[in-house]
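# Breakdown of the fold
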Amino acid sequence: MKVKIFLSPIKKYQFLFIAIILSACAKQDTVTDFSVNNNWFFSSIDDSAWYPATVPGTIHTDLLDNNLIDDPFFRLNEHELQWIDKKDWRYKTNLFVNQETFSSQNIILEFSGLDTYANIILNDSSIYNSDNMFRAINVDVKNYIKLGSNKLEIVFDSPIKKGLEKKKKLNYNVPISANDLAEIGQVEGNERVSVFSRKAGYHFGWDWGPRLVTSGIWKPVILKAWNNFKIDDVYLNQEIKKDKAILKAIVDVDFDNEYVSEELKIELKLSDNNDFTKRKVIDIDQKNQSHTYEVSIEINNPKLWWPNGMGEQNLYNVEISVFDNNRIDSKSLRTGFRTIELIREPDSIGTSFYFKVNGHPVFMKGVNYIPQDVFLNRPSKDNYKKILSAAAEANMNMIRVWGGGVYERDIFYNLCDEKGLLVWQDFMFACAMYPGNNSFLENVKEEAIYNIKRLRNHTSLALWCGNNEVLTAWENWGWKENEIKNQSQEIADTIFKAYEDIFHKILPEAISMYDSKTSYWPSSPGGGFGKKQKLESGNAHYWWVWWGKKPFSSYNDSIPRFMAEFGFQSFPEFNSVKKYTNESDYNIYSDVMKSHQRSSIGNETIEEYLVRDYNTPKDFENYLYVSQLLQANGIKTGIEAHRRNMPRCMGSLYWQLNDCWPVASWSGIDYYGKWKALHYTVKKSFSTFLLSHNLHQDTLDIYVISDSLKDVHATLKVKMLDFEGNVLKQLDDEILVNSNQSKIKMRIPVANFIDSSIIDMSFVYLTLSDKNQRLLAENKIFFKPFKDLKLPSNEINYSILEKTDRFQITLKSKTFVKNVFLEINSLNNFSDNYFDLIPNKTKTVFINKENELSKDVLRKELKILTLDQSYK
Ligand code: BMA
């Protein structure tokens, strides 16, 4: 019989590679992996027609690829597609198994991610029922698999039907926030059912997301055949003492029942990309019941790993091999030597909340991250690279993986390791209470253990956080009182007991068991275990700006110990809006624009804040543009307030980095990857050195803030300029910028310095330069709202220069120009944008030559918007 094996092209290549290695070292691999991602078909359970499917994928993207539905993101299409999540779907493929694989001692099917209620059927036998999209499933199929062709089928039950069933079974109500858009979902009785399934919360809708509840095989499927032994898991543990580091690998090994060997060994190899290599080999004693073995290596003067902006992200290669005379199994990892501690110590204010990295307190500059698409299979490696490079380029050193999305793919954390972005990792719970029955809790426990083990070796992992806004919803949003009133005290106690079981027992116990070196924080925001947020201890989410309509200046008065969320919305730029609308929709209150605005108070709130600071824009395109300036200025105010107030406050993570579909939202980068004004602004506000100010009645305090670990000698210049470029006043000072500090470096009496008769035509221009005249920081102070500035009509001259690896646009104006927006449809970002032009000072902007952009196209597409031209 001719036996076919199901091999992806990569596997064939790997086989060849393995063959070459084998002939060289004559050791045979004990484990062989085969991709099972090809030749899948899908069908509705009540239909006989089968269509080609993509794995990994989702039902929505498969329907779209087969032209069975229209683009869910275009105009109002989302609303027409709500039938999809009410149906059961099935996927099938044929799995060919050759003689060698078939006769392996162990055969396993590994499903890395099934979304969500999946009955796995192999050759007509149901072999597993899975109900958690956040866990991988390994099914032993030795007794089910056949030589040759095998029928593999997965039936996905509707998550809505399942949710409704579970909700009915529970004899009390669980509060769930309005982010679950059951109404748009056209669910029977508008019931919110998201919390009953261990599935990404944002699939059910959010105040920046569509309601598209997916099903499908969202991560790869692998057939694993192994003989004799295999590495099950490796846990890397490190200890750093002064100029030494010890790397300990704790290795779990699986043995086949038949296999016994005296020759079995483990090798740990540590190397860098230069010429450093160190090895350690130990014998394996198979009698050790736990089958867990420890190997360690000590190295002198390790090159430490640093967060972005503080030094290099040195990563070492780690290779672990288990082998006997003839066979081998290996795993490759990377690790960086560093210490990360969350410091919570009583102090004169309350209790601190800051991170120490390699012994230094570090101000965390960063952002909240949501999944990059509602369809999780869509983001490519390149998308991951782009979004995390954008975070690093904006001088961030921390990224919070928010609890209403997913535990991200491995590539996300690998890139964070490489780019020095510390990861604040939420467990996937957000803005809702959860059921507390045993099967739910058991499922949560397995999910936690799986993800802790998967992520714990990442150098960038800084914190495990139990949930997003669950405690605050219960304590501060009136949920507890509602449940006592509408149900009973007893039911309220039951609901809160589930909270305590999950966030005060199951999760911290799993962490202390599997990753005791990483800190755990039960809820964001929070004051500690079960304690509400306070400005004096713990961490905060500040939403009085936006939800509370307080002015941006209120950021200055509400300084927490660590800000984990604050934000303000804007619209995507016109080029992006054009992609999901028709011309008839070009009005923020059109049905289509309103449907791509999910905050209950969205457009009205943008409008209310906009008229506080800006004149009404003259048209739709300018409205979108000014909304971005508004957002950027708001968040700038917040970040500066937090950084000025270090060390009281030691972190500023704004809401939110990115979008998962085209929408008006709090993001700084839109769905199509276009940087909004916010992202460019944040890049400046998060730079190592920052100039900021505080205006009191009669004094103007100039702050110099440094995140550098070194003191720096610098020149601080404070100039009062009018819009024609005349210097009205100037103060210069040679200063010492102290390391890792925020300090007032100049106190200027307002009466002497500022001429109040012309404050609508002038501004203060701050610069900080080092000894070599290199600009370290700059900022501007205006003394009137932007709408009251008498901005001259602009006279911008510009030229475009082509260099080998980039284009340069150089701009200049005789008069002051506010917020120059260079708009090029085919380009996502520039080195800077939405900037002001200082009179007679050239500004050069760089464009990387990544895409096929020619100078001609650039010249043709380039459009310039400025604030003075945006008004009616
Ligand atoms: C925060 C987040 C999200 C929400 C955002 C804007 O609190 O945790 O729940 O999208 O506010 O409302």
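Okay, so let's go over this structure. (Residues numbered from 1 in each chain as written. Predicted model: local features only at pLDDT ≥ 70, side-chain atom pairs only at ≥ 80, totals over all residues. Heavy atoms only, no water.)

The terminal C-alpha atoms of helix H14 (residues 620–644), which comprises 25 residues, lie 36 Å apart, in line with the 36 Å expected from a rise of 1.5 Å per residue. Most of H14 is tucked away, with 23 of its 25 residues classed as buried. (Helix = DSSP H or I, 4+ residues; strand = E, 2+ residues; numbered from the N terminus. Expected span 1.5 Å × (residues − 1). Buried < 20%, exposed > 50% of the residue type's maximum accessible area, 1.4 Å probe, protein only.)

Applying the stated criterion across every chain yields a total of 50 salt bridges. For Glu447, the salt bridge goes to Arg198, with nearest N and O atoms at 2.7 Å. On the criterion of sequence distance, the pair formed by Glu447 in helix H7 (residues 438–455) and Arg198 in the loop between helix H4 (159–169) and strand E12 (216–217) is long-range, its members being 249 residues apart. Judged by relative accessible area, which is 1%, Glu447 ranks as buried. The closest approach of N and O atoms between Glu239 and Lys241, which form a salt bridge, is 3.5 Å. Through salt bridges with shared partners, one network takes in Asp33, Glu110 and Lys224. (Salt bridge = Lys/Arg side-chain N within 4 Å of Asp/Glu carboxyl O.)

This part is about the site of the ligand. Taken together, Trp206, Asp207, Trp208, Trp402, Cys431, Asn468, Glu469, Trp543, Trp547, Glu565, Trp655 and Trp666 make up the full set of residues adjacent to the ligand. Note that an oxygen atom of the ligand is positioned 3.0 Å from one of the side-chain N or O atoms of Trp206. Contact between the ligand and Trp547: an oxygen atom at 3.4 Å from a side-chain N or O atom of the residue. Burial of the ligand by the surrounding chains reaches 96%, relative to a free accessible area of 300 Å². Counted by class, the shell around the ligand contains 8 nonpolar, 1 polar and 3 charged residues. (Near = heavy atom within 4 Å. Polar contact = N/O pair within 3.5 Å; in protein donor to acceptor, adjacent residues only side chain to side chain. Areas by Shrake-Rupley, 256 points an atom, 1.4 Å probe, with all protein chains shown as cover. Nonpolar A, V, L, I, M, F, W, Y, C, P; charged D, E, K, R; others polar.)

Turning to the packing of aromatic side chains, a few remarks are in order. The description of two aromatic rings rests on the distance between their centres and on the angle between their planes. Here the structure, examined in full by the defined rule, presents 62 aromatic pairs. Aromatic side chains Trp206 and Trp402 sit 4.9 Å apart centroid to centroid with 85° between the ring planes, which places their arrangement in the edge-to-face category. Taken together, the positions of Trp206 in the loop between H4 and E12 and Trp402 in the loop between strand E25 (398–401) and helix H6 (410–419) put the pair 196 residues apart, joining distant regions of the chain. With respect to class, Trp206 is no different from Trp402; both count as buried. Here a set of aromatic residues connected by ring pairs shows up, and it is made of Phe429, Tyr434, Phe440, Trp474, Phe496, Tyr499 and Phe503. (Phe/Tyr/Trp six-rings, centres within 6.5 Å; stacked < 30°, edge-to-face > 60°.)

Below, the discussion takes up the sheet that holds strand E22 (residues 354–357). Within a sheet, adjacent strands bond to each other through the backbone by hydrogen bonds, running parallel or antiparallel. Reading across the sheet, the 3 strands line up as E21-E22-E23 and stay open at both edges, with antiparallel pairing between neighbours. Strands with a single pairing partner mark the edges of an open sheet, and in this sheet they are strand E21 (340–343) and strand E23 (360–362). Strand-to-strand twist in this sheet, taken as the mean axis angle between neighbours without regard to direction, amounts to 35°. Alignment of E21 against E22, held across 4 bridges, turns out to be antiparallel. Residue pairing for E22: Leu342 is matched across the bridge by Phe355. (Pairing = 2+ DSSP bridges. Axes fitted to C-alpha atoms, helices over the stretch in contact; angles between N-to-C directions.)

A few words now on the sheet that holds strand E16 (residues 265–271). The strand order across the open sheet built from 5 strands is E1-E20-E19-E16-E17, with neighbouring strands paired in mixed fashion. The open sheet terminates on both sides in strands that have one partner only, identified here as strand E1 (28–29) and strand E17 (277–283). Relative to strand E20 (residues 327–335), strand E19 (residues 316–323) runs antiparallel, the two being bridged by 8 bridges. In the strand pairing of E20, Glu319 is matched with Ser332.

With respect to the helices and strands, His458 occurs in the loop between H7 and strand E27 (461–468). Residues within four places of His458 in sequence aside, it is in contact with Arg338, Asp410, Tyr413, Asn414 and Asp417. (Contact = heavy atoms within 4.5 Å.)

What follows is about the pairing of strand E40 (residues 806–813). With 7 bridges joining them, strand E39 (residues 796–802) and E40 adopt antiparallel strand pairing. Counterpart to Glu802 in the pairing with E40 is Phe807. Taking the residues between adjacent antiparallel strands as the criterion, E39 and E40 are bridged by 3 residues. Across 6 bridges, the pairing between E40 and strand E43 (residues 843–848) is antiparallel. Residue pairing for E43: Arg806 is matched across the bridge by Asn848.

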